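Fold and contact review
In case you want the letters, here they are:
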Amino acid sequence: MLAALTAASLSAQPIQYVEGRKLFLLTTRDSSYAMGVDSNGELQHLYWGAPLWRADDVPAAAPRREMSSFDPPAMLEREEFPAWGGTRYYEPALKLTRADGNRDVVLRYASHALHDNALDVTLKDIRDDIEVVLHYRVFADHGIIERSATIVNKTAKPLNIESAQSATFNLPAGEGYQLTYLTGRWAAETQVNHEAIHQGMKVLESRKGHTSHNINPWFAVDAGASEDHGSVWFGALGWSGNWRITVEQTPYQQVRVTGGLNTFDFAYPLKPGESLDTPAFYAGYSADGFGAASRLLHRFEREQIAPGGLTSRVRPVLYNSWEATTFNVNEAGQKQLADTAAKLGVELFVMDDGWFGKRNNDRAGLGDWTVNPQKFPQGLKGLIDHVNSLGMDFGLWVEPEMVNPDSDLYRAHPDWVIHFPDRPRSELRNQMVLNLARPDVKEYIFGFLDKLATENNVKYFKWDMNRPLSEPGWEDQPVADQRKLWVDYVRNLYDILDRLRARHPKLEIESCSGGGGRIDLGILHRVEEVWASDNTEAFDRLRIQEGFTQAYAPKFMSAWVTDVPNMNRRSTPLQYRFLVAMQGALGIGSNLNKFSTDDTAVATKMVATYKRIRDTVQLGDLYRLMSPRAGDVTANQYVAADGKQSVLFVFRHSQEYNTAPPTIHLQGLDPKALYKLESADNKLVERQPQFSGAYLMQAGVNVTLRGDFDSTAVILEKQ
Ligand code: GLA
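First, a word on scope: everything that follows refers to the structure included in this document. On a predicted model such as this, the values are computed, not experimentally measured, just so you know.

Moving on, we come to the overall build of the chain. In terms of regular secondary structure, the chain is built from 13 helices and 36 strands. Compactness check: the chain gives a C-alpha radius of gyration of 26 Å against a globular reference of 27 Å for 719 residues, within 12% of the reference. Seen through its C-alpha atoms, the chain measures out along the principal axes to roughly 80 × 70 × 45 Å. Classification of the 719 residues of the chain by burial places 61% in the buried group. Taking all contacts inside the chain whose residues are at least 6 apart in sequence as the whole, residues at least 24 apart take part in 68%.

Let's shift gears to the sheet that holds strand 23 (residues 393–398). Read around the closed barrel, the eight strands follow the order 21-22-23-26-27-28-29-30; overall the barrel is parallel. Here the strands of the sheet are splayed against their neighbours by 30 degrees on average, with no regard to which way each runs. Alignment of strand 21 (residues 318–320) against strand 30 (residues 585–588), held across two bridges, turns out to be parallel. Among the inter-strand pairings, Leu318 is bridged to a residue of strand 30, identified as Gly587. Running at roughly 170 degrees to strand 29 (residues 557–561), helix 11 (residues 574–581) makes contact with strand 29 and strand 30 of the sheet.

Next up on the list: the site of the ligand. The full set close to the ligand counts 13 residues, and Asp352, Asp353, Trp397, Lys462 and Asp534 are the nearest of them. In this structure, an oxygen atom belonging to the ligand sits 2.6 Å away from a side-chain N or O atom of Asp353. Between an oxygen atom of the ligand and a side-chain N or O atom of Lys462, the distance comes to 2.7 Å. Compared with its free state, where it exposes 300 Å², the ligand has 95% of that area covered by protein. Partitioned by chemical class, the residues of the shell around the ligand number four nonpolar, three polar and six charged.

Of the two faces of strand 27 (residues 508–511), the one lined by Glu508 and Glu510 and the one lined by Ile509 and Ser511 are each fully buried. Two elements, strand 26 (residues 458–463) and strand 27, share four bridges in a ladder whose sense is parallel. Note on strand 27: the bridge partner recorded for Lys462 is Glu510. This β-α-β element, strand 26 to helix 9 (residues 485–503) to strand 27, shows right-handed connectivity. One ladder, built from two bridges, connects strand 27 with strand 28 (residues 529–531); its direction is parallel. Counterpart to Ser511 in the pairing with strand 28 is Val530.

What follows covers the pattern of salt bridges. Summed over all chains, the structure comprises 56 salt bridges. Here Asp128 makes a salt bridge to Arg98, at a shortest N to O gap of 2.6 Å. One end of the pair, Asp128, is in the loop between strand 7 (118–125) and strand 8 (130–139); the other, Arg98, is in strand 5 (residues 94–98), and 30 residues separate them in sequence. Taking relative accessible area as the criterion, Arg98 reaches 9% and is therefore assigned buried.

All right, on to the nonpolar core then. Ranked by size, the top nonpolar core spans 180 residues in total, and within it Leu26, Leu94, Ile161, Trp355, Phe578 and Phe649 carry the most contacts. Broken down by element, the residue count for this core peaks at 10 residues, all from helix 9. Discounting chain neighbours no more than four positions away, the residues touching Leu26 are Pro14, Ile15, Ser31, Ser32, Tyr33, Met35, Leu119, Tyr136, Val138 and Ile145. Residues Val650, Ile664, Leu677 and Met697 belong to the second largest nonpolar core, which totals 23 residues.

In this section: the sheet that holds strand 32 (residues 633–639). Ordered in space as 31-32-33-36-34-35, the six strands form an open sheet in which the pairing is antiparallel. Either end of the sheet is taken by a strand with one partner, and the two such strands are strand 31 (621–626) and strand 35 (690–692). Each adjacent strand pair in this sheet contributes to an overall mean axis angle of 25 degrees, direction not counted. Bridge count between strand 34 (residues 674–679) and strand 36 (residues 711–718): five bridges; the pairing is antiparallel. Across the sheet, residue Glu678 finds its bridge partner in strand 36, namely Ile715. Taken strand by strand, helix 11 contacts strand 33 (645–652) and strand 36, and its axis lies near 50 degrees from that of strand 36. Along the sheet, helix 12 (residues 597–619) contacts strand 32, strand 33, strand 34 and strand 36; its crossing angle with strand 33, the most-contacted strand, is approximately 105 degrees.

Let us look at the pairing of strand 10 (residues 159–170). The element strand 10 is largely enclosed, with a buried count of 10 among its 12 residues. Relative to strand 10, strand 5 runs antiparallel, the two being bridged by five bridges. Each bridged residue has a counterpart across the sheet, and for Thr97 the counterpart in strand 10 is Asn160. Two strands pair when backbone bridges link them, and strand 10 and strand 18 (residues 268–270) are joined in this way by three bridges, in the antiparallel orientation. Each residue of the ladder has a partner; that of Asn160, found in strand 18, is Pro269. When strand 10 meets strand 17 (residues 255–261), the two strands line up antiparallel, connected through five bridges. In the sheet register, Ala167 faces strand 17, and the bridge partner there is Gly259.

On to the packing of helix 10 (residues 538–551) against helix 11, then. Between helix 10 and helix 11, the shortest axis-to-axis distance is 10 Å and the interhelical angle comes to 15 degrees. Classed by the angle they form, the pair helix 10 and helix 11 counts as roughly parallel. The chirality of how helix 10 crosses helix 11 is left-handed. Seen from helix 10, the contacting residues are Ala538, Phe539, Arg541, Leu542 and Gln545; seen from helix 11, they are Tyr576, Arg577 and Val580. Each residue belonging to the contact of helix 10 with helix 11 can be placed in one class, and the counts come to five nonpolar, one polar and two charged.

On to helix 6 (residues 381–389), then. Restricting attention to buried positions, one finds in helix 6 the residues Leu383, Ile384 and Val387. Mapping the buried residues of helix 6 onto a view down its axis gives an arc of 95 degrees, with all of them on the same face. Of the exposed residues in helix 6, those oriented more than 90 degrees away from the buried face are Lys381 and Ser389. The secondary structure elements touched by the buried residues of helix 6 are helix 5 (331–344), strand 22 (348–351), strand 23 and strand 26.

How each quantity is defined
- Residues numbered from 1 in each chain as written.
- Predicted model: local features only at pLDDT ≥ 70, side-chain atom pairs only at ≥ 80, totals over all residues.
- Heavy atoms only, no water.
- Helix = DSSP H or I, 4+ residues; strand = E, 2+ residues; numbered from the N terminus.
- Rg over C-alpha atoms; globule rule 2.2 N^0.38 Å.
- Buried < 20%, exposed > 50% of the residue type's maximum accessible area, 1.4 Å probe, protein only.
- Contact = heavy atoms within 4.5 Å.
- Pairing = 2+ DSSP bridges.
- Axes fitted to C-alpha atoms, helices over the stretch in contact; angles between N-to-C directions.
- Near = heavy atom within 4 Å.
- Polar contact = N/O pair within 3.5 Å; in protein donor to acceptor, adjacent residues only side chain to side chain.
- Areas by Shrake-Rupley, 256 points an atom, 1.4 Å probe, with all protein chains shown as cover.
- Nonpolar A, V, L, I, M, F, W, Y, C, P; charged D, E, K, R; others polar.
- Right-handed = clockwise from strand over helix to strand, strands pointing away.
- Salt bridge = Lys/Arg side-chain N within 4 Å of Asp/Glu carboxyl O.
- Core = buried A, V, L, I, M, F, W, Y, C linked by side-chain atoms within 4.5 Å.
- Parallel < 35°, antiparallel > 145°, perpendicular 65-115°, else oblique.
- Left-handed = near helix turned anticlockwise from the far one by under 90°.
- Arc of directions from axis to C-beta.

Okay, structure coming up:
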């Protein structure tokens, strides 16, 4: 770490350019990235790894010689943004067809423009005015490099783009790499997978129109790293639609990661003069394992991706009645819940599904965003005023992209849903997807959300999306343009969010898609938090949260305490459920009307404790000390950004043979400082009032966790 900082501080500029060799060296606190133009004019990747400070050290890019007629030079090289053309047989970053059917594209360096921390390199086809501008942005203090590309049709004829990737990343030449990625399904998101990379290609993707629960657009490649040690190269795509990341090992000891817009069912025509921007692909390198890689990303997301960045507030404690009431919301019931929530210390009261149209179940009402007069005879004002009078902000659930066939909206605009003419319109959860790519649909959605936020003191939307796209037709477009739907849908979604935020600067938004179906760096640029999973069962959550935090900061991870028995018919103690949820943005989703006096006492205490530690949890560094995948004890530690506080959370699944939990070695502390330890519930074995950081990290602490689903927390205050 010290070495890394020294190296980075020696490099004056985040981007160095060596004119003679047309070589670029991009350097962050934690990494360097180099590429250069070879004598054929091709932009070749040269280096990605720990920080360098001297661009002159990096050898110039040199074209390779043919190995055999089956192993052409292009395959042995590491092009920075390969188009499909010439003798390239690996995954291209660009593929297109010209109007006359010609599909060969070979890109050569044309020019570049260098700014402080940004670089644009323009590549151009060897014959035609087809340009690709590669955008690089260096977040030197955050250890992250952002890449994307703009494809520009400067020819006089239309082009059809068939693959438009954001970037190709080359790993250092070699084999024996491993890939880590996150998979799942509804209520079982972000499960960690770790596997060897062999020759061939692994495809991570979504074809569902949203980011999807199935695979998340994040990857990490390592060469034998662990949570605390070793080199990890990682990246995350900022795109909430059909995305694709391929991880490919060629026969030539090369591993390449290419990502951007999914090529599946993709066609994006560009008329003369038009261009296509690809999503941002953020990447970084850590020399200190997966934990350090996550911490780099977390800080980057909090400070550079999230709306407001450093100036955004910590997430408030939220109450949401969905699991308690489902669709049975009404003014009296919500007011009663609000009264109790306020007493527990809740700061944001969110009314979920069921408040609008004829929404008494999931078969009707989606699309009709007017308050249900039976449930709320006075409109929302009575409830909102009441919630505000209790000192809480008010939030509202919406699912803007969707429509039930049984709705006034669908009866008025059956053509607004995504469909192919004269084909079935598949329903999932009895709903269909509005074609957000259409300008009229986009304006309708913006209009009703803007109205809701203007006419009511709504401070928060929980924006849900409860099904993927299907039968993606767009009949009122020319045939050649119909598949633009995949891209334009997402752009319009982003546009609505951006405009809403601009018009209502105090409005906060949560992204939910049946749980964690829309979590990525594109949406996180526009929302304050995301709903990690509809699965609120606390033990399952430990693994969902472990996977979530590989890629995303705990601050964004909305986590609720709910009632038991929950999923898997499992019951865990209330404290266990609280401590699990307190590792992210704490929310409560229990039926508070059923809380016993004891429950209320536990909840009140836990909410107060959370408020004491939430800056540390939300803005600090996370150390995943013991993985729920590895044994029956899970331990996570958070260290405040200023190092003054740290919190340890420990969970036990099932004790066997009366065994004591393993000693827990803390991390991220100042070895020379003294820390006062405070146990939440007297389960800390060590009794001295204070310990040195050195002892806590080297000798460790012990906790007494017995039986099933026992839990504890220890707060450390630096003296
Ligand atoms: C989805 C969400 C839930 C809840 C319901 C409401 O399933 O993930 O949290 O909002 O919709 O219908």
